[in-house]
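Observations on the three-dimensional arrangement
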Amino acid sequence: LWMARLKGRPMPRRAPMLLPQLRAVFAAEGLPPDLVWLAEAESTFNPEAVSPVGAKGLFQLMPATARELGLRTMFPDERGDPVKNARAAARYLRQLHGRFGDWPLTLAAYNAGPGRVRRTLTAKNAKTFTDISAHLPAETRMYVPKVLAILATRAGIAPGRLPPPR
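So, how was this worked out
Each chain has its residues counted from 1, following the order in which its sequence is written. Residues qualify for local features only when their pLDDT is at least 70, as the model is predicted, and side-chain atom pairs are given and counted only at 80 or more; totals for whole chains, interfaces and linings, by contrast, use all residues. Only hydrogens and water are set aside when side-chain values are computed; all heavy atoms of the structure are taken into account. Throughout this description, the term salt bridge denotes a Lys or Arg side-chain nitrogen within 4 Å of a carboxyl oxygen of Asp or Glu. Starting at the N terminus, helices and strands are each numbered in turn, a helix being any DSSP run of H or I of at least four residues and a strand any DSSP run of E of at least two. Axes, fitted as lines to C-alpha atoms, cover a helix only where it is in contact. Angles between the N-to-C directions of the axes lie from 0 to 180 degrees. By definition in this entry, angles of less than 35 degrees are roughly parallel, angles greater than 145 are roughly antiparallel, angles of 65 to 115 are roughly perpendicular, and the rest are oblique. Working rule for handedness: look at the near helix, and if it is turned counterclockwise from the far one by less than a right angle, call the crossing left-handed; if clockwise, right-handed. In this description, contact between two residues means that some pair of their heavy atoms is separated by no more than 4.5 Å. For this scheme, ten residues count as nonpolar: Ala, Val, Leu, Ile, Met, Phe, Trp, Tyr, Cys and Pro. Four count as charged, namely Asp, Glu, Lys and Arg, and the remainder, Gly too, count as polar. Confidence scores here are pLDDT values: one per residue, from the predictor, ranging 0 to 100. One less than the number of residues in a helix, times 1.5 Å, gives the span that helix is expected to have. Partly exposed describes any residue whose relative accessible area lies between the buried limit of under 20% and the exposed limit of over 50%, with all areas from a 1.4 Å probe on protein chains only and scaled to the type maximum.

1. Structural notes on the pattern of salt bridges
For the structure on display, the rule yields seven salt bridges. Put simply, Arg 23 and Asp 34 hold a salt bridge, and the shortest N to O gap is 3.1 Å. Here Arg 23 is found in helix α2 (residues 15-28), whereas its partner Asp 34 is found in the loop between α2 and α3 (38-43), with 11 residues between them in sequence. Taken together, the shared-partner salt bridges in this structure form one network comprising Glu 48, Lys 56, Asp 77 and Arg 79.

Have a look at this one:
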């Protein structure tokens, strides 16, 4: 479904301008540089995007998560800085991957929260996103395939081929 939707969709307008800088940040943090396409799903590459629940920036960091990752959320809110937001998101993704061991679960935890994903894995005695997807919020069930489709469409990375952090 997501592959078909993305096939004809143009690249977000701000992406070409931001991609080189964001890729460098993700690479410096040990993540696959093409994972920066997560920003298309999160904010359509809008550094000032704000969600109804208070997430902000390219990678839509919640205030508490941003503070845990060393960003200020009061004036000036550093989540609006593309490089600082990307660095914090990359660190968070690396931490999540260290906890969950694969990208689909990492992406689910990024979206729904690591506690919810861990509790669901435990409750269902499961090991994979596929095993628990039906028990996660609908937004997360759609989010993981959407991000994987964006990576396949924009970066040519087939689902399951995204390398782990180094």
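This is not the end of the story, as more comes after the structure.
2. Some remarks on the packing of helix α6 (residues 103-112) against helix α9 (residues 138-155)
Two elements in contact, α6 and α9, have axes separated by 9 Å at closest approach and are oriented at 130°. The orientation of α6 with respect to α9, classified from their angle, is oblique. Here α6 runs over α9; the crossing is right-handed. Contacts from Pro 104, Leu 107, Ala 108, Tyr 110, Asn 111 and Ala 112 of α6 reach α9 at Glu 139, Thr 140, Tyr 143, Val 144, Val 147 and Leu 148. Its residues assigned to classes, the contact of α6 with α9 shows nine nonpolar, two polar and one charged.

3. Focus: the confidence of the model for the protein chain
For the protein chain, mean pLDDT is 95; residues scoring 70 or higher make up 99% of the total. Within the protein chain, the element-level pLDDT minimum falls on helix α1 (residues 2-7), averaging 76, and the maximum on helix α7 (residues 114-123), averaging 98.

4. Focus: α9
Here α9 contains 18 residues, and its C-alpha end-to-end distance of 26 Å stays within 8% of the 26 Å for a straight helix at 1.5 Å per residue. By the burial criterion, the buried members of α9 are Thr 140, Tyr 143, Val 144, Val 147, Leu 148, Ala 149, Ile 150, Leu 151, Ala 152 and Arg 154. Gly 156 lies just past α9 and shows a positive phi near 70°.

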